[in-house]
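Summary of the model geometry
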Amino acid sequence: MSLFVQKFGGTSVGSVERIQEVAKRIATSKDQGNDLVIVVSAMGKTTDQLSALAQQISSNPPQREMDMLLATGEQVSIALLSMALNELGVAAVSMTGSQVGIVTESLHGKARILEVRTERIKNRLNEGQVVVVAGFQGTSLSSGGTAEITTLGRGGSDTSAIALATALNAEACEIYTDVPGVLTADPRKVPDAQLMSSISCDEMLELASLGAAVLHPRAVEIARNYGVKLVVRSSWTDEPGTTLTSQSKRPLGREGLELGRPVDGLELVENQAVIGLSHIPDQPGVAADLFEQLSNGGINVDLIIQATHEGNSNDITFTTSQAELTTAEKLCSNLIARLGGKLRSQGEMTKLSISGAGIMGRPGIAATLFDTLSRAGINLRLIATSEVKVSCVIDSKLGAKALRAVSEAFELNDIQISINPQPITSSQPEVSGVALDADQAQFSVRNVPDKPGTAAALCSSLAEAGISLEAIVQSERQHEDGGRDISFTLKKEDKKLASIAIAPLLAMWPKSQLIEGPAITRVSAVGAGMPITIGTASRMFRALAEVGINIAMIATSEIRTSCVVAEEDGISALRAVHSYFELEKPQH
Ligand code: ADP
Ligand code: ASP
Ligand code: MG
């Protein structure tokens with residue numbers, strides 16, 4: 001007999017009729033001889049409504065009480081669904097997170113799952129019952145030893161489902177929702193978005209964290225780590241939906257289910273060059289022109305970062321291989337001759353990256369990397385972050401020293417370290433999907449000291465306050481006294497906390513100044529084929545230039561390119577990129 005974990009989202013259980021429909025679906029699956037664990041969300045917009053109630057009473061309610069309140073939403077749906085199943089003659093029992101043994105850390109509001117104690121659930125399954133579990137919630141053993149209700153963070157029912165599937169060694173975890181699966185973009189924003197039949201966990205992790213809310217990123221992280229089959233499909237049809245694929249198959253170990261080793265890879269890529277253009281005009285089409293010329297010249301660009309600075313001019317920095325430096329310099333000089341600006345390039349550079357699915361949502365990891373390098377006296381020429389990877393470019397003379405320091409800091413062994421790995425050349429699409437994240441704010445710290453430790457100090461202060469930086473960009477240009485600017489984006493909700501967290505640093509850097517940028521949104525393209533395709537970034541910039549959209553900030557990692565644009569340009573930017581890469585054509 002096969003065991004499946006099936007999760008039904010809020011819309012799918014949004015009314016009595018829908019609960020009854022879901023119950024029929026479950027009954028059919030049970031009739032086919034499957035063992036079933038069902039995870040449900042709160043009905044419709046219940047969680048939002050409960051939050052709004054709390055806000056009427058307090059603008060800053062205690063997190064413990066918020067968890068107590070929000071967890072009730074899922075309890076309503078499990079009881080109703082269980083009743084509906086029993087009405088159909090299917091033996092079913094509802095259980096809270098605590099009853100099924102979902103044990104979490106004690107942090108309220110965004111607790112991570114430590115383990116799932118499966119005994120009780122297995123007993124019920126052995127009795128032939130369908131177990132209906134409340135998603136989004138768990139239980140912690142607080143310091144005093146008393147159990148407390150915790151929640152996993154908004155959208156967390158997906159994570160409950162995949163955690164149960166992992167712990168129970170289920171055949172698959174199926175996420176039933178109000179769309180046919182994972183599409184090339186959010187169909188609410190891009191009406192001609194197409195269904196993908198499969199997507200790699202790496203790509204999905206990026207998309208989910210860059211605004212594709214169809215899956216909770218932490219659910220993808222678990223699927224990726226433990227190699228559990230994860231499927232997203234429609235609650236209303238029998239179509240197969242989208243299957244997520246993962247290479248890894250880590251056994252469930254002694255470390256916490258969601259708190260395993262966050263960093264499991266260290267990579268050094270030598271013979272890199274960094275080319276920085278500063279003081280170039282801040283207008284649509286400049287990045288597109290530059291990177292088109294480079295790609296026409298056959299140059300494969302790796303990381304790109306760009307931020308706007310005083311006087312409305314831009315700095316763009318990118319990396320390429322040492323072998324391509326001279327040609328790239330020549331092409332950049334042509335552009336500067338036409339548009340103005342300054343060029344500063346540096347060969348003999350090395351890119352050092354740490355990777356691991358657990359980097360996500362743990363800002364302390366990037367901070368530890370930067371801190372380790374700064375203690376070793378190593379200056380960071382460039383930083384690029386993604387959900388699963390943090391890269392920095394350093395002087396190649398310091399490569400060996402950096403490797404030693406970082407492998408010690410993260411306790412990595414030789415198997416986890418790779419030097420100059422060959423890129424994977426299998427045919428993956430350069431862009432699989434696009435996403436829009438409207439939840440971003442942009443800050444710049446002007447005139448910070450240009451010495452080892454500055455970025456580390458900034459990241460550490462934010463990390464200590466629990467804030468993750470989405471992108472961080474150091475300026476190419478220097479102020480008269482040598483200082484540089486650092487720009488970063490973070491979640492809007494963290495804005496206030498960030499200014500407080502940075503204040504002590506600003507006091508230490510007397511010439512520095514914190515500036516909040518205008519309202520922004522971030523549009524991203526993700527594709528596993530990006531590292532081996534020349535010109536993907538230039539095509540994305542061209543797509544935006546063609547519709548007259550100016551790019552305020554660029555940040556790339558290996559498999560994604562993100563552009564920060566003005567808030568009001570978000571939807572048109574998303575649509576422009578989607579159609580430029582012809583994602584409206586049926587996918588395979
Ligand atoms: P549920 O309540 O079932 O968990 P969610 O609202 O959390 O549903 O997620 C489904 C929604 O995700 C869809 O209605 C869709 O608008 C949105 N979405 C965003 N990006 C994508 C994407 N790339 N593919 C599919 N849906 C997406
Ligand atoms: N009900 C919770 C929310 O709305 C959890 C979920 O639906 O996944 O965020
Ligand atoms: Mg959801």
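Residues numbered from 1 in each chain as written. Chains lettered and ligands numbered in written order. Predicted model: local features only at pLDDT ≥ 70, side-chain atom pairs only at ≥ 80, totals over all residues. Heavy atoms only, no water.

**Brief notes about the site of ligand 1**
We apply this condition: Note on definitions. A residue lies near a molecule or strand when any single heavy atom of the residue is within 4 Å of it. Distance and chemistry together define a polar contact, namely a pair of N or O atoms within 3.5 Å, with one atom able to donate a hydrogen and the other to accept it when in protein, and with adjacent residues in sequence counting only for side-chain atoms on both sides. Note on areas: Shrake-Rupley with a 1.4 Å probe; residue coverage comes only from the protein chains shown.
With respect to spatial proximity, 16 residues lie near ligand 1, and among them T177, D178, L183, D186 and R188 are the closest. Side-chain polar atom of T177 to an oxygen atom of ligand 1: 2.7 Å apart, as the coordinates give it. In the environment of ligand 1, an oxygen atom lies 2.8 Å from a nitrogen or oxygen atom belonging to the side chain of D186. For ligand 1, whose unbound accessible area comes to 570 Å², protein coverage reaches 86%.

**Some words on the environment of G156**
In plain terms, the rule: Helix and strand assignments come from DSSP, with helices taken as H or I runs of at least 4 residues and strands as E runs of at least 2, each series counted from the N terminus. In what follows, residue pairs with any heavy atoms lying within 4.5 Å of each other are defined as contacts.
Note that G156 resides in the loop between β8 (147-151) and α5 (157-167). Separated by 19 residues in sequence, G156 and Q137 place their C-alpha atoms 8.0 Å apart. If sequence neighbours within four positions are ignored, G156 has contacts with F136 and H216.

**Description of the site of ligand 2**
As a reminder of what qualifies: Under this grouping Gly is polar, as are all residues other than the nonpolar Ala, Val, Leu, Ile, Met, Phe, Trp, Tyr, Cys and Pro and the charged Asp, Glu, Lys and Arg.
The immediate surroundings of ligand 2 are formed by S41, A42, T47, E74, F136, R154, G155, G156 and S157. For ligand 2, the accessible surface in isolation is 260 Å², of which the surrounding protein chains cover 86%. Of the residues that constitute the shell around ligand 2, the class distribution is two nonpolar, five polar and two charged.

**A short note on the pairing of strand β7 (residues 137-141)**
The cut-off we apply is this: Burial classification: accessible surface area is computed with a 1.4 Å probe over protein chains only, and a residue below 20% of its type maximum counts as buried, one above 50% as exposed, and the rest as partly exposed. Two strands make a pair as long as DSSP finds a minimum of two bridges between them.
Burial analysis of β7 places four of its five residues in the buried class, the great majority of the element. Sheet analysis places strand β4 (residues 102-104) next to β7, joined by two bridges and oriented parallel. If you follow V103 over to β7, its bridge partner there is T139. With five bridges connecting them, β7 and β8 associate as antiparallel partners. Bridge assignment links S140 to a residue of β8, and that residue is E148.

**Observations concerning helix α1 (residues 16-31)**
For clarity, the threshold we go by: The span one expects for a helix is its residue count, reduced by one, times 1.5 Å.
Helix length check: α1, at 16 residues, gives a terminal C-alpha distance of 22 Å against a target of 22 Å (1.5 Å per residue), a fit within 8%. Within α1, the full set of buried residues consists of I19, V22, A23, R25, I26, A27, S29 and K30. Check the buried side of α1 and you find it contacts β1 (3-8), β2 (35-40), α3 (63-87), β6 (130-134), β9 (172-177) and β11 (230-234). Positive backbone phi, at 95 degrees, marks G33, one or two positions downstream of α1.

**What to know about the nonpolar core**
It is characteristic of soluble globular proteins that their nonpolar side chains tend to be buried jointly. Quick reminder of the rule: What we call a nonpolar core is a set of buried Ala, Val, Leu, Ile, Met, Phe, Trp, Tyr and Cys residues that are connected through their side-chain atoms within 4.5 Å.
V5, V37, L164, M204 and L244 are the most contacted members of the largest nonpolar core, which has 52 residues in total. The leading source of residues in this core is α5, at six residues. With 48 residues, the next largest nonpolar core counts F291, V301, L325 and M540 among its residues.

**Topic: the sheet that holds strand β21 (residues 440-448)**
Defined as follows: Only the contacting stretch of a helix is used when fitting its axis, a line to C-alpha atoms as for every element, and angles between N-to-C directions run 0 to 180 degrees.
Spatial ordering of the open sheet is given by β22-β23-β21-β24, a layout of four strands whose pairing is antiparallel. For this open sheet the edge positions go to β22 (471-474) and β24 (513-516), each flanked by a neighbour on one side alone. Here the strands of the sheet are splayed against their neighbours by 15 degrees on average, with no regard to which way each runs. Direction of pairing for β21 relative to strand β23 (residues 484-491): antiparallel, over a ladder of seven bridges. Residue V448 lies in a different strand from β23, and its bridge partner there is R484. Each of β21, β22 and β23 touches helix α12 (residues 454-464); the most contacted strand, β23, lies at about 25 degrees to it.

**With respect to a nonpolar patch on the surface**
Selection criterion: Exposure above 30% relative accessible area and the absence of a salt bridge qualify a residue for a patch, where like charges join within 9 Å and nonpolar side chains (Val, Leu, Ile, Met, Phe, Trp, Tyr) within 5 Å. Counted as salt bridges are all cases of a side-chain nitrogen of Lys or Arg within 4 Å of a carboxyl oxygen of Asp or Glu.
The grouping of V76, L80 and M83 at the surface amounts to a nonpolar patch, some 250 Å² of accessible area in total. Along the polypeptide, L80 turns up in helix α3.

**Some points on the packing of helix α8 (residues 286-296) against helix α14 (residues 536-546)**
Stated formally: Crossing handedness follows the turn of the near helix against the far one: under a right angle anticlockwise gives a left-handed crossing, and clockwise gives a right-handed one.
Two numbers describe how α8 lies on α14: the axes approach to 8 Å, and their chain directions differ by 145 degrees. Between α8 and α14 lies a crossing whose hand is left-handed. Contacts between α8 and α14 involve A287, A288, D289, F291, E292 and S295 from the first element and S538, F541, R542 and A545 from the second.

**Description of the sheet that holds β11**
Strand order across the open sheet formed by eight strands is β3-β6-β2-β1-β9-β11-β12-β10, with mixed pairing between neighbours. Of all strands in the sheet, those bounded by a partner on one side alone are β3 (92-95) and β10 (198-200). Strand-to-strand, the axes of this sheet are offset by a mean angle of 20 degrees, without reference to chain direction. Note that β11 and strand β12 (residues 242-245) share three bridges and pair antiparallel. The partner of V231 across the bridge, within β12, is T243.

**Structural notes on empty space enclosed by the protein**
Rules: Lining residues are defined by having an atom within 4 Å of a point belonging to a cavity or pocket. Those points lie on a 1 Å grid over the protein atoms alone, cavities being sets where a 1.4 Å probe fits but cannot get out and pockets being open sets with protein on both sides within 12 Å along at least five of seven lines. Grid points are joined across faces, edges and corners, and a volume is the space filled by probe spheres set on the points.
By the definition in use, this model includes four cavities of 30 Å³ or more. One number sums up the size of the largest cavity: a volume of about 110 Å³. Taken together, 17 residues form the lining of the largest cavity, with N379, K451, T454, A455 and Q474 sitting closest to its centre. Contributions of two or more residues to the lining of the largest cavity are made by α10 (363-375), α12 and β23. Of the volumes computed, that of the second largest cavity is approximately 80 Å³. Contributing to the lining of the second largest cavity are 16 residues, with Q283, G285, A287, N550 and I551 lying nearest its centre. Counting residues per element, the ones that place at least two in the lining of the second largest cavity are α8, β15 (313-321) and α14. Among the elements that take part in the lining of the second largest cavity, α8 stands out by supplying three residues, more than any other. Of the residues contributing to the lining of the second largest cavity, the split by class is ten nonpolar, five polar and one charged.

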